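Fold and geometry: a report
Residues per chain, in single letters:
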Amino acid sequence: MQASTFSFKAKSGFALQNRRLYPSATDFRKNSVSMTKRNNCFGLELFSDSMRARGSIQTLLGSSPKGRSVRAQASGDVEDAGSAIIQAKSSGTVLPYVGVACLGAVLFGYHLGVVNGALEYLAKDLGIAENTVLQGWVVSALLAGATVGSFTGGSLADKFGRTKTFVLDAIPLAVGAFLCATAQTVQTMIIGRILAGIGIGISSAIVPLYISEISPTEIRGTLGSVNQLFICVGILAALVAGLPLAGNPLWWRTMFTVALVPSVLLAIGMAFSPESPRWLYQQGRISEAEVSIRRLYGKERVAEVMSDLDAASQGSSEPEAGWFDLFSSRYMKVVSVGATLFLFQQFAGINAVVYYSTSVFRSAGITSDVAASALVGAANVFGTTIASSLMDKRGRRSLLLTSFSGMAASMLLLSLTFTWGALAPYSGTLAVVGTVLYVLSFSLGAGPVPALLLPEIFSSRIRAKAVALSLGMHWISNFVIGLYFLSVVTKFGISTVYLGFASVCLLAVMYIAGNVVETKGRSLEEIELALTSAA
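Overview of the structure. Everything numeric here is computed off the predicted structure, so don't read it as measured data. (Residues numbered from 1 in each chain as written. Predicted model: local features only at pLDDT ≥ 70, side-chain atom pairs only at ≥ 80, totals over all residues. Heavy atoms only, no water.)

1. Quick word on the overall build of the protein chain
Definition in use: Secondary structure counts use DSSP, requiring at least four H or I residues in a row for a helix and at least two E residues in a row for a strand, with both numbered from the N terminus. To sort residues, take the accessible area from a 1.4 Å probe on protein chains only and compare it with the maximum for the residue type: under 20% means buried, over 50% means exposed, and anything in between is partly exposed. Note on definitions: a residue-residue contact is assigned when non-hydrogen atoms from the two residues lie within 4.5 Å. Note on areas: Shrake-Rupley with a 1.4 Å probe; residue coverage comes only from the protein chains shown.
In terms of helices and strands, the protein chain carries 23 helices and 2 strands. Here the protein chain holds 535 residues, and 57% of them are scored as buried. The contacts of the protein chain with a sequence gap of at least 6 include a subset with a gap of at least 24, amounting to 82%. Accessible surface for the protein chain amounts to roughly 20,800 Å². Of this, 64% is attributable to carbon and sulfur atoms.

2. What about the side chain of Ser-415?
Take Ser-415: it is sitting in helix α18 (residues 396-417). The exposure class of Ser-415 is buried, given its relative accessible area of 5%. The contacts of Ser-415, once residues within four sequence positions are left out, are Ser-495, Tyr-498 and Leu-499.

3. Brief notes about the packing of helix α15 (residues 332-347) against helix α22 (residues 494-515)
Angle between the axes and distance between the axes: these two values describe a pair of packed helices. This is how the line gets drawn: Axis definition: a line fitted to C-alpha atoms, limited for helices to the stretch in contact. Angles are taken between N-to-C directions and run from 0 to 180 degrees. By definition in this entry, angles of less than 35 degrees are roughly parallel, angles greater than 145 are roughly antiparallel, angles of 65 to 115 are roughly perpendicular, and the rest are oblique. We call a crossing left-handed when the near helix sits turned anticlockwise from the far one by less than a right angle, and right-handed when that turn is clockwise. When residues are grouped by polarity, Ala, Val, Leu, Ile, Met, Phe, Trp, Tyr, Cys and Pro land in nonpolar, Asp, Glu, Lys and Arg in charged, and all others, Gly among them, in polar.
Viewed as axis vectors pointing N to C, α15 and α22 meet at an angle of 155°, and their least axial separation amounts to 10 Å. Compared by their axis directions, α15 and α22 come out roughly antiparallel. Where α15 crosses over α22, the handedness of that crossing is left-handed. Along the contact surface, α15 presents Lys-333, Ser-336, Val-337, Thr-340, Leu-341, Phe-344 and Phe-347, while α22 presents Phe-501, Val-504, Leu-507, Ala-508, Tyr-511, Ile-512, Gly-514 and Asn-515. Grouping the constituent residues of the contact of α15 with α22 by class yields 10 nonpolar, 4 polar and 1 charged.

4. Observations concerning helix α11 (residues 260-271)
Three or four residues apart is the spacing at which side chains of an α-helix point the same way, because the helix has 3.6 residues per turn. The cut-off we apply is this: In a helix, the anticipated span is given by 1.5 Å times the number of residues less one.
If you check α11, its first and last C-alpha atoms are 17 Å apart, about what 12 residues at 1.5 Å a residue would give, namely 16 Å. Packing partners of the buried residues in α11 comprise α5 (95-126), α7 (162-182), α8 (186-214) and α10 (251-258).

5. A short note on the packing of aromatic side chains
Worth spelling out the cut-off: Note on aromatic contacts: the rings of Phe and Tyr and the six-membered ring of Trp form a pair at centre separations within 6.5 Å, being stacked when their planes are under 30 degrees apart, edge-to-face when over 60 apart, and tilted otherwise. Two conditions define a charge located above a ring, namely a distance within 6 Å from the ring centre to NZ of Lys or CZ of Arg, and an angle within 35 degrees of the ring normal.
Under the definition given, this model contains 5 aromatic pairs. When the centroid spacing of 6.1 Å and the interplanar angle of 85° are considered together, the rings of Trp-252 and Phe-256 count as edge-to-face. Of this pair, Trp-252 and Phe-256 both sit in helix α10, 4 residues apart, which is roughly one turn of the helix. For the pair shown, Trp-252 and Phe-256 are each scored as buried. Taking the ring centre of Phe-160 as reference, the NZ or CZ of Lys-159 above it sits at 5.7 Å.

6. Points about the pattern of salt bridges
Rule in force here: Any carboxyl oxygen of Asp or Glu that lies within 4 Å of a side-chain nitrogen of Lys or Arg is treated as forming a salt bridge with it.
Inspection of every chain in the model, using the stated rule, returns 3 salt bridges. The salt bridge involving Arg-285 is made with Glu-288; its shortest N-O contact spans 2.8 Å. Given a relative accessible area of 32%, Arg-285 falls into the partly exposed group.

7. Remarks on helix α19 (residues 427-446)
Here α19 contains 20 residues, and its C-alpha end-to-end distance of 26 Å stays within 8% of the 28 Å for a straight helix at 1.5 Å per residue. The buried fraction of α19 is high, at 15 of 20 residues.

Below, the structure is given as structure tokens:
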């Protein structure tokens, strides 16, 4: 087994983005189905029994992926074809299990954000108030652990299964939170942060993997955005948890203790959640896969889903790619896109804003700095919610361009706020407005889209290693920023640093415009063809 976020056996040829979990073309040929559109709670277009679906559905679903790809490329009607999937009613449900998995995403966000409000107080308590290097290590130790966890999460999920890996993941998450909450020395705090980092690194691998493998095709994009939404919820919860700090300097220990609760709930919830049918099928545990399908989609879907899994297992005979294959001329383009998007995401400054927003607001004269940071968290949640509804309407590439453009403008505003004397009387208000607008812009595209693009742009042969490489870039760059941000600000000033972030955002806009293809409504074959032709 290979270590990766989305690990699939190459011989099985699984490509979730291209698989049907619902009635086939043959079913529609036998029965004329009537349906009308209605909106469910996610804003997705579902269908009920009043619209006729026969000949066109037979044509769409009855053709091979390769043939469909060629026709779509020739006609330019890819998005229309991708939106014509018809969903039948199912007695099963995936939402409770997605909710349990998202506890891992909540912990991801909470551990990232909890140090924001607590850093000043724990630094005083642990005797490192004057040592910015050790404070940087308290922040970045989490990210160092997450780098290790992200590379191991996929292999653990392949070896033990998705749900058991969640249960195992709760151990470093809980132990790390406990050590942080009870730390009497900075060494203990750093060890606790490393363990918690390993836990969230594993979560970053298996949460999207599990959700993608159990989600019906037509709501996979939305549920993928829900993962990012719950990360934002976790960050917001951490910021809100810091509100009592002003009146109780020792409250920071309670903030870390709170993280124990979702860790335990994650382990308990996953002990009763169904295993991924795809993983069970890959292990040859066919009867257990059928039981899992029944729980997720209903008993009426078992035969159809198993038929799809049977067909997928015969879809590829090409061996799994090696690490050096990622840098071959065949794959270099798509692999570089995945890694570069995560580099831009981090070096555009988002985690610097999240980690140190309280200090920035204080320097601008905002007295209630924790409350101002909570406002930042709320903007993150709001923006991600909007992005979920736009993901399948505007498209991934469009959201990325809009997002990085807005981030560049916001960072420029922040830079001017701290340097232009004419703005000095309004610096406090502008600092909050600029930061909120930046986070809102980030959450509309730069935040949720890169992780969603990974399983879409990587073919099954390279998916495992390519995702591991991209996430490695994510955590390494995250670690570097967390470790050196305070020192760089001390040397160059916050205005210069923010101007640098604005420049990175503009570079990202130019890179995306020239290298990222739209994936909305497109099959994996169509995406791979577009990337290959653009190389």
